[in-house]
Amino acid sequence: MTYVLSTGIEPPAVPALRRLDPRLRIVSAVAFAVTAVALQSLSLLTVMLLVAVMLMIAAKLPVGQTIKRVIAMDSFIIVMIAFLPFTMEGTPIFTLFGFPASYEGLIRAIEIALTANAVVMAMLALAGSMEEVTFGQALHRLKVPAKLVHLLLFTIRYIEVLRQEYRRLRQAMKCRGFRPGTNGHTYRSFGYLVGMMLIRAMERSERIMDAMKCRGFTGTLPMTQRFELRGFDVVFALGFSVFMTAMLMKEYLL
Amino acid sequence: MNLFHLENIHHAWPRRGPVLSGASLALKAGDRLAITGHNGAGKSTLLKIMLGLITPDQGSVEAFGQKRQAEADFHDVRRRAGLVFQDADDQLFCPTVADDIAFGPLNLGKSRDEAAAIVDQLLTRLDLMYLRDAITHRLSGGEKRLVTLACVLAMEPEVLLLDEPSNALDEENEARLTDILHTLPQSIVLISHDASFRAKVANRCLHLKEGQLVDAPVSA
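Procedures and definitions
Think of each chain on its own: its residues are numbered from 1, step by step along the sequence as written. Chains and ligands are labelled by the order in which they are written, letters from A for the one and numbers from 1 for the other. Confidence filtering applies because this is a predicted model: local features only for residues at pLDDT of at least 70, side-chain atom pairs given and counted only at 80 or more, and all residues used for totals across whole chains, interfaces and linings. Side-chain metrics rest on all non-hydrogen atoms present in the structure, leaving aside hydrogens and water. Helix and strand definitions follow DSSP, with helices as H or I runs of at least four residues and strands as E runs of at least two, each counted in order from the N terminus. Our radius of gyration looks at C-alpha atoms and nothing else; its globule reference is 2.2 Å times the residue count to the power 0.38. Buried means the residue's accessible area, taken with a 1.4 Å probe over protein chains only, is under 20% of the maximum for its type, while exposed means over 50%, and partly exposed covers the values in between. We call two residues in contact when some of their heavy atoms are within 4.5 Å. Note on areas: these come from Shrake-Rupley sampling with a 1.4 Å probe, and a residue is covered only by the protein chains present in the view. Counting rule for charge: Lys and Arg are taken as positive, Asp and Glu as negative, and neither His nor the chain ends is counted. Any Lys or Arg side-chain nitrogen located within 4 Å of an Asp or Glu carboxyl oxygen qualifies as a salt bridge. An automatic or database domain assignment supplies the residue ranges for each domain. Stacked, tilted and edge-to-face pairs are distinguished by plane angle, under 30 degrees for stacked and over 60 for edge-to-face with tilted covering the rest, among Phe, Tyr and Trp rings (Trp via its six-membered ring) whose centres lie within 6.5 Å. Side-chain atoms within 4.5 Å are what join buried Ala, Val, Leu, Ile, Met, Phe, Trp, Tyr and Cys residues into a set we call a nonpolar core. Axis lines are fitted through C-alpha atoms, for helices just across the contact stretch, and the angle between N-to-C directions can take any value from 0 to 180 degrees. Should an angle fall under 35 degrees it is taken as roughly parallel, and over 145 as roughly antiparallel, whereas 65 to 115 is taken as roughly perpendicular and any remaining angle as oblique. Handedness of a crossing follows from how the near helix is turned relative to the far one, being left-handed for an anticlockwise turn of less than a right angle and right-handed for a clockwise one. Whether two strands pair depends on DSSP finding at least two bridges between them.

Caption draft 1: Layout of the overall build of chain B. If you tally the helices and strands in chain B, you get eight helices and 10 strands. Here the C-alpha atoms of chain B give a radius of gyration of 17 Å, agreeing with the 17 Å that 2.2 N^0.38 yields for 220 residues. Across its three principal directions, the C-alpha atoms of chain B cover 45 × 40 × 35 Å. Burial analysis of chain B (220 residues in total) assigns 54% to the buried set. Excluding contacts between residues fewer than 6 apart, the proportion of contacts in chain B whose partners are at least 24 apart in sequence is 66%. Carbon together with sulfur atoms contributes 48% to the accessible area of chain B, which is approximately 9500 Å² in total.

Caption draft 2: View of the overall build of chain A. Helices and strands together make up the secondary structure of chain A, namely eight helices and two strands. In chain A, the succession of helices and strands from N to C terminus is α-α-α-β-β-α-α-α-α-α. Out of the 254 residues in chain A, the part that is buried amounts to 36%. Surface exposure of chain A reaches about 15500 Å², of which carbon and sulfur atoms provide 69%.

Caption draft 3: Inspection of the side chain of A:E251 at higher detail. Checked against the element boundaries, A:E251 lands in helix α8 (residues 231–252). There is no salt bridge for the buried A:E251, and the closest opposite charge comes from A:K250, which lies 8.7 Å off by N-O distance.

Caption draft 4: A look at the domain arrangement of chain A. Examined at the domain level, chain A breaks down into domain 1 (19–130 + 225–252) and domain 2 (145–214). Relative to domain 2 of chain A, the C-alpha centre of domain 1 of chain A lies at a distance of 36 Å.

Caption draft 5: Molecular detail of unusual backbone geometry. Residues and elements named next belong to chain B. At F64, a position not held by glycine, the phi torsion is positive, near 50 degrees. Overall, the relative accessible area of 7% leaves F64 in the buried class. Phi angles above zero are rare outside glycine, and E156 is one such case at about 50 degrees. A relative accessible area of 60% means that E156 is categorised as exposed.

Caption draft 6: Seen up close, the packing of aromatic side chains. Under the criterion given, the structure shown has seven aromatic pairs over all chains. Aromatic side chains A:F154 and A:Y158 sit 6.4 Å apart centroid to centroid with 15 degrees between the ring planes, which places their arrangement in the stacked category. In this pair, A:F154 and A:Y158 are both assigned in helix α6 (residues 146–175), four residues apart and thus about one turn of the helix distant. The partly exposed category is assigned to A:F154, whose relative accessible area is 31%. Ring centres of A:F236 and A:F240 lie 5.2 Å apart, and the angle between their planes is 15 degrees; on these two criteria the pair is classed as stacked. Placement of the pair is A:F236 and A:F240 together in helix α8, with a separation of four residues, close to one helical turn. Neither A:F236 nor A:F240 differs from the other in exposure class; each is buried. Following the ring pairs from residue to residue traces out a cluster consisting of A:F178, A:F190, B:F93 and B:F103.

Caption draft 7: Local environment of the nonpolar core. Residue and element names in this part refer to chain B. Formed by 38 residues in total, the largest nonpolar core has its most connected members in I101, L149, L160, L162 and L181. When contributions to this core are tallied by element, the ones reaching two or more residues are α4 (97–107), α5 (112–125), α6 (141–153), β7 (159–163), α7 (171–183), β8 (187–191) and α8 (195–201). Looking at this core, the element that brings in the most residues is α6, giving seven residues. Among all residues touching L181, those that are not within four sequence positions of it are R32, L149, L162, I188, F197 and V201.

Caption draft 8: Region of the structure containing the packing of α4(B) against α5(B). All names here are of chain B. In the contact formed by α4 and α5, the axes pass within 9 Å of each other and the chain directions differ by 120 degrees. Relative to α5, the element α4 lies oblique. Read as a crossing pair, α4 and α5 show a hand that is right-handed. Residues A98, D99, I101, A102, P105 and L106 of α4 form the contact with α5, whose own contacting residues are R112, A115, I118, V119, L122 and L123.

Caption draft 9: Summary view of the sheet that holds strand β4 (residues 58–63) of chain B. Residues and elements named next belong to chain B. Strands sit in the order β2-β1-β4-β5 across an open sheet of four strands; the sheet is antiparallel. Of all strands in the sheet, those bounded by a partner on one side alone are β2 (17–28) and β5 (66–68). With direction set aside, neighbouring strand axes in the sheet form an average angle of 25 degrees. By the bridge criterion, three bridges tie β4 to β5 in an arrangement that is antiparallel. Residue V61 lies in a different strand from β5, and its bridge partner there is R68. Across the sheet, helix α1 (residues 43–50) is in contact with β1 (2–13), β2 and β4; its angle to β1 comes to roughly 125 degrees. Packing of helix α2 (residues 71–80) onto the sheet brings it into contact with β1, β4 and β5, and relative to β5 it is tilted by some 120 degrees.

Caption draft 10: Expanded view of the pairing of strand β3 (residues 32–36) of chain B. Residues and elements named next belong to chain B. Of all five residues making up β3, five are buried, and the element is well covered by its neighbours. Along β3, one buried face is formed by R32, A34 and T36 and the opposite face, lined by L33 and I35, is buried too. Note: β3 against β8, four bridges, orientation parallel. Bridging from a neighbouring strand, L33 pairs with V189 of β8. Here β3 runs beside strand β9 (residues 204–209); their pairing, made up of four bridges, is parallel. When the sheet's bridge partners are listed, L33 is paired in β9 with R204.

Following this line, the structure appears as structure tokens:
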């Protein structure tokens, strides 16, 4: 459960990486992603992947859950990676069921796999370990449009309410003997269910708006958290910038 | 014969601890049983266990003369025992009142014509014909309550499980609900915090305390 107000003070036991200024963590994660996408050399990308793994270890992310998330991302791109050697023109290295696989395609596939995994791991380590509300407030401080930040914060707050509503409606349907099948009645009923949830969500949003107005809401949410750059933040920012600049120089200048 | 027989039911919520710890209950034909207990005592949980929507940690559920354990065992129970939810909005999800009432009969395999006939017959009997084509989410609180009752009655259940049906009803609608309940032949399990409503509807009462059901006077 997240709270609309969080104290902003995280308990001291958290690893140093998670005590970095949230704004810095978001900017670092984005910079890391941009750098990783710009690199093409497989050896440099391997270094990026290693750094991402180190960041994950430094952030002390729960191992099982993190692996699950990374695998979830990999399952999206696995098909593309598997087909790439066969769809790209180039020097054939082997044939499978009469289809030639190209060396260039294989290299490209490895490059994409390395980039994607490095980016996802760095994101999880830097931005993913953050409290959702902190994330929203940090985005606000980074001048992300207030409407987008509000959307994010309200989604976090109400997604569980919607899930509960869906669950109760489904229970009530079950109570009246509903068992989904492949027929018009099932499609119609699910249509009604989705439609009713949309209408309720609309009405709920109006009620929330009214309740917020009653408490003096004028379009800006008070952002309660204070962020400040401390010594360690500056050191981290400098080190990270130097590392990424070096990577880019190696790729493009040397 | 018992319509329902629950024996030594235990149930605990993750993080919230036990709600039911050895609750037992027997419901006979003709019973109009009220269940009382403070907020969060586990009354709604008990009704959901009777219909297999929640599986208890321990204890046995017997309904209509048979032990019920697996999800499939409860399909028949849900048809023969109709639950009216605490929040009417949890139940109404179709665009119009007629659609919503027809939903149950259609699930039971009736044709659209047969379902429409049931809708008309039921609405006439409950004197709600004027709501037939009304949009469900625009009904008043009292109308919603009566319509959810109609939705459940459309399945012709043998037992009615009512979870705080008089909640948020004005006097007029409450009197109307009481009248309707008096004309119904079904056995009833009623959860209600309203003592005068219980006295009008129930002929037996159980009090849920510390996870167990104990006999209590109907009007306390």
